[in-house]
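Coordinates in review
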Amino acid sequence: MFTGIVESFGKIVKMSAEQGNLHLWIKSAFTSELKVDQSVAHNGVCLTVVAIEGDMYKVTAIAETIEKTTIGNWEVGQEVNLERGMLLTERLDGHIVQGHVDQTAVCTNIQSQNGSTVFTFEYDASKGNVTIEKGSITVDGTSLTVVNSGKNTFSVAIIPYTLENTLFKTYQTGTRVNLEFDVIGKYVARLIGKN
Ligand SMILES: Cc1cc2nc3c(=O)[nH]c(=O)nc-3n(C[C@H](O)[C@H](O)[C@H](O)CO)c2cc1C
Ligand SMILES: Nc1c(NC[C@H](O)[C@H](O)[C@H](O)CO)[nH]c(=O)[nH]c1=O
């Protein structure tokens, strides 16, 4: 379980394919505090730490994870947003995030607006996922408030701190991101037969 408050960037240092799986070695500032079996969200994708060596740790993505997320586009040298599993003694500054990406989206517009930057994303609405005005959404593991909710689009207003401390600073129109929709919204959608 996570909160969507990105802790730091990690760097992908090695990648190797084995059968349907992809092994990734990640360099991070908190590797020395990790233990094998812990969960870390990588751009919102929860992956289990399976090995640790020096300042790097290894995670393995299975085929389903690769198919549902942007992992297939990741490259050696690339940075990823990292968050370790939440501590129950922490303030919940974001929202409840499971680390299960629902689907990906594409950034369609970026606009500066009164000291923040508004990013708009478009996704395939046929999967039944919905946003609501002022609801929560996780974009590449970052907990955000929806400011403009459409049928298959939504916008988020990014403050300078978030811009600097997440991958939002790298996004361009056309960038593909991971989305996790609000878990309460997903249950409501299921109960009323929307997905
Ligand atoms: C606690 C936890 C640990 C997970 N560990 C892995 C993992 O090691 N490898 C993997 O491919 N998927 C793992 N997943 C599933 C993965 O996050 C999910 O397939 C993608 O987010 C797409 O929904 C894990 C999910 C959770 C909640
Ligand atoms: N809810 C919004 C946030 N929240 C804070 C970010 O999640 C946080 O700064 C990031 O995870 C890095 O730690 N930030 C925004 O810019 N806009 C929001 O609507």
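Residues numbered from 1 in each chain as written. Chains lettered and ligands numbered in written order. Predicted model: local features only at pLDDT ≥ 70, side-chain atom pairs only at ≥ 80, totals over all residues. Heavy atoms only, no water.

**Observations concerning the site of ligand 1**
Rule in force here: Residue proximity to a molecule or strand is established when one non-hydrogen atom of the residue lies within 4 Å of it. As used in this structure description, the phrase polar contact means that two N or O atoms lie within 3.5 Å; if the pair is within protein, one of them must be able to donate a hydrogen and the other to accept it, and residues adjacent in sequence are counted only when both atoms belong to side chains. Labels follow the DSSP assignment, with helices taken as runs of H or I lasting at least four residues and strands as runs of E lasting at least two, numbered in each case from the N terminus. Just so you know the grouping, Ala, Val, Leu, Ile, Met, Phe, Trp, Tyr, Cys and Pro go in nonpolar, Asp, Glu, Lys and Arg go in charged, and all remaining residues, Gly too, go in polar.
For ligand 1, the set of nearby residues contains 15 residues, the closest of which are Cys46, Thr60, Ile62, Thr65 and Val101. In this structure, a nitrogen atom belonging to ligand 1 sits 2.7 Å away from a main-chain N or O atom of Thr60. Here an oxygen atom of ligand 1 and a backbone polar atom of Gly99 are 3.0 Å apart. Counting only elements with at least two residues in the shell around ligand 1, the list comes to strand E4 (45–53), strand E5 (56–61) and helix H1 (63–68). With four residues, E4 is the largest single contributor of residues to the shell around ligand 1. A class-by-class count of the residues in the shell around ligand 1 yields six nonpolar, eight polar and one charged.

**Topic: the site of ligand 2**
To keep things clear, this is the line we draw: Per-residue and other accessible areas follow the Shrake-Rupley method at a 1.4 Å probe size, with only the shown protein chains counted as cover for residues.
Neighbouring residues of ligand 2: 13 residues in total, closest Val6, Ser143, Ala157, Ile159 and Thr162. At a separation of 2.9 Å, an oxygen atom of ligand 2 approaches a polar backbone atom of Val6. Interatomic distance of 2.9 Å between a backbone N/O atom of Ser143 and an oxygen atom of ligand 2. When the free accessible area of ligand 2 is taken as 440 Å², the share hidden by the protein chains comes to 84%. Looking at the shell around ligand 2, the elements that each hand over two or more residues are strand E10 (142–149), strand E11 (153–158) and helix H2 (160–165). Ranked by the residues each element gives to the shell around ligand 2, the list is headed by E10, at four residues. Residue composition of the shell around ligand 2, by class: seven nonpolar, six polar and no charged.

**Overview of the environment of Thr162**
Applicable threshold: We call two residues in contact when some of their heavy atoms are within 4.5 Å.
Here Thr162 lies in helix H2. On a C-alpha basis, the gap between Thr162 and Val6 in space is 8.8 Å, while along the polypeptide they are 156 residues apart. Among residues more than four places away in sequence, those in contact with Thr162 are Thr142 and Leu144.

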